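Each chain, written out:
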Amino acid sequence: MRRTPQESAEMVSQLIFGERCTRLDQQGNWTQVRLEADGYTGWADTQMLEAVSPAEYQQIDKSLFVLEGSLRMEDGSTLVLPVGARIPAGSPHTIRLGDLVYEIKPDARLIGIQSRVHLTDLARHFLNTPYLWGGRSGFGIDCSGLMQVVFSMCGVSLPRDSGPQSEVGKAVVWGEHQSGDLAFFGKDNPSRVSHVGLLVSETEIIHASGRVRIDRFTPDGIVQLRSGKLTHHLIRIRRC
């Protein structure tokens, strides 16, 4: 999803396989869409979208999340799915969505909505995923995209960006924080939220910075394990 209808425009977010959106506008080969999950808008190459019927649109309500797996397409080719993609639940046989026809390969690992006690386990599936501005999948992800996708697997809807995410839930004071809490940070401007991570424990945090990684969590902020440097300044902790 790009800010304006051109390939060179900034990527502001992503639509992941199996997510639903609404068409808002059309300009040449570009379609402006609104992502149903968070209301985020942007422009996508029309070739990357698949129009579905109202019945098929409702079918996607009953979807499973992909931990790993791929699809066999109608022509026999394979489509590898990223962590966080969705596929309609139900029959493992041939599935049709619009003009897209596929079957789920039998070695796919799929899950339904999980309990929030599994937040950190789910986040670990993204470890070492490269950082990608605007990314929301296991092929490339940014800090707030990681939080949004992981929480969605537990049935919790978060806003797309770290600033709005920092207003969700309830405030947690230092010393009462625990695994599963969200922590928010500033970097270039230590007082403005520009980064987010998920607490793995009272002293560890998983976040996307260069890649998805686990670093030390301190009262001052994030201390990178390898360098020992303070990379992000703690602003607040929230529990969703």
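Rules and cut-offs
- Residues numbered from 1 in each chain as written.
- Predicted model: local features only at pLDDT ≥ 70, side-chain atom pairs only at ≥ 80, totals over all residues.
- Heavy atoms only, no water.
- Helix = DSSP H or I, 4+ residues; strand = E, 2+ residues; numbered from the N terminus.
- Rg over C-alpha atoms; globule rule 2.2 N^0.38 Å.
- Buried < 20%, exposed > 50% of the residue type's maximum accessible area, 1.4 Å probe, protein only.
- Contact = heavy atoms within 4.5 Å.
- Areas by Shrake-Rupley, 256 points an atom, 1.4 Å probe, with all protein chains shown as cover.
- Pairing = 2+ DSSP bridges.
- Axes fitted to C-alpha atoms, helices over the stretch in contact; angles between N-to-C directions.
- Core = buried A, V, L, I, M, F, W, Y, C linked by side-chain atoms within 4.5 Å.
- Phe/Tyr/Trp six-rings, centres within 6.5 Å; stacked < 30°, edge-to-face > 60°.
- Disulfide = S-S within 2.5 Å.
- Salt bridge = Lys/Arg side-chain N within 4 Å of Asp/Glu carboxyl O.

(A) The arrangement of the overall build of the protein chain in detail. Helices and strands together make up the secondary structure of the protein chain, namely four helices and 19 strands. Relative to its length of 240 residues, the protein chain is compact, with a C-alpha radius of gyration of 19 Å against a globular reference of 18 Å. A burial count over the protein chain gives 45% of its 240 residues as buried. Taking as baseline every contact in the protein chain between residues at least 6 positions apart, the subset at least 24 positions apart corresponds to 53%. In the structure as shown, the protein chain presents an accessible area of about 12100 Å², 48% of it carried by carbon and sulfur atoms.

(B) Focus on the sheet that holds strand β10 (residues 109-111). Strand order in the open sheet formed by three strands is β7-β4-β10, and the pairing between neighbours is antiparallel. The open sheet has two edge strands, β7 (86-88) and β10, and neither has a second partner. For this sheet, the mean inter-axis angle between neighbouring strands, taken without regard to orientation, is 45 degrees. For strand β4 (residues 63-68) and β10, the ladder comprises three bridges, and the chain directions are antiparallel. Its bridge partner being in β10, Glu68 is matched across the sheet by Arg109.

(C) Region of interest: the sheet that holds strand β1 (residues 21-27). Read from one edge to the other, the open sheet built from three strands follows the order β1-β2-β3, with strand pairing classed as antiparallel. This sheet does not close on itself; its edge strands, each paired only once, are β1 and β3 (41-45). Neighbour to neighbour, the strand axes of the sheet diverge by 35 degrees on average, direction disregarded.

(D) Expanded view of the pairing of β3. Most of β3 sits out of view: four of its five residues are buried. Hairpin connection between strand β2 (residues 30-35) and β3: a loop of five residues separates the two successive antiparallel strands, and Gly39 in this loop has a positive phi of roughly 75 degrees.

(E) Representation of the nonpolar core within the structure. Core analysis: the largest hydrophobic core is formed by 29 residues, its most contacted members being Phe126, Leu182 and Leu198. Counting residues per element, the ones that place at least two in this core are β4, α2 (119-124), α3 (143-152), β14 (182-186), β15 (195-199), β16 (204-209) and β17 (211-217). Of all the elements, α3 adds the most residues to this core, at six residues. Those residues in contact with Phe126, other than ones at most four positions away along the chain, are Val83, Gly84, Ser137, Gly138, Ile141, Leu146, Val149, Val150, Met153 and Val212.

(F) Up close: the packing of aromatic side chains. Going through the model one piece at a time under the given rule, you end up with three aromatic pairs. Here Phe17 and Tyr102 contribute two aromatic rings whose centre-to-centre distance is 6.0 Å and whose plane-to-plane angle is 70 degrees, an arrangement assigned as edge-to-face. Of this pair, Phe17 sits in the segment before β1 while Tyr102 sits in strand β9 (residues 100-104); the two residues are 85 residues apart in sequence, bridging distant segments of the chain. Given a relative accessible area of 22%, Phe17 falls into the partly exposed group. Under the relative-accessibility criterion, Tyr102 is labelled buried at 2%. Judged by centre distance (6.2 Å) and plane angle (85 degrees), the ring pair of Phe185 and Phe217 falls under edge-to-face. Of this pair, Phe185 sits in strand β14 while Phe217 sits in strand β17, and the two are 32 residues apart along the sequence.

(G) Representation of the environment of Ser157 within the structure. Of note, Ser157 is situated in the loop between α3 and α4 (162-165). Separated by 75 residues in the primary sequence, Ser157 and His232 have C-alpha atoms spaced 25 Å apart.

(H) Spatial organisation of the state of the cysteines. Here the structure, examined in full by the defined rule, presents zero disulfides. Considering cysteine sulfurs only, Cys240 is the nearest to Cys154, which forms no disulfide, with 11 Å between them.

(I) Representation of unusual backbone geometry. One non-glycine residue with positive phi stands out, namely Asn128, at about 75 degrees. Position of Asn128 among the secondary structure elements: in the loop between α2 and β11 (136-137).

(J) Structural view of the pattern of salt bridges. Summed over the entire model, instances satisfying the criterion amount to ten salt bridges. A salt bridge links Arg136 to Glu19; the nearest nitrogen and oxygen atoms lie 2.8 Å apart. Residue Arg136 is found in strand β11, and its partner Glu19 is found in the segment before β1; the two are separated by 117 residues along the sequence. Residue class for Arg136 comes out buried when judged on its relative accessible area of 3%. A salt bridge links Arg160 to Asp142, with the shortest nitrogen-to-oxygen separation between them at 3.0 Å. Remark: Asp142 occurs in the loop between β12 (140-141) and α3 and Arg160 occurs in the loop between α3 and α4; sequence separation between them is 18 residues. Residue Arg160 is classed as buried on the basis of its relative accessible area, which comes to 2%. With relative accessibility at 6%, the residue Asp142 sits in the buried group.

These figures capture arrangement, not role.
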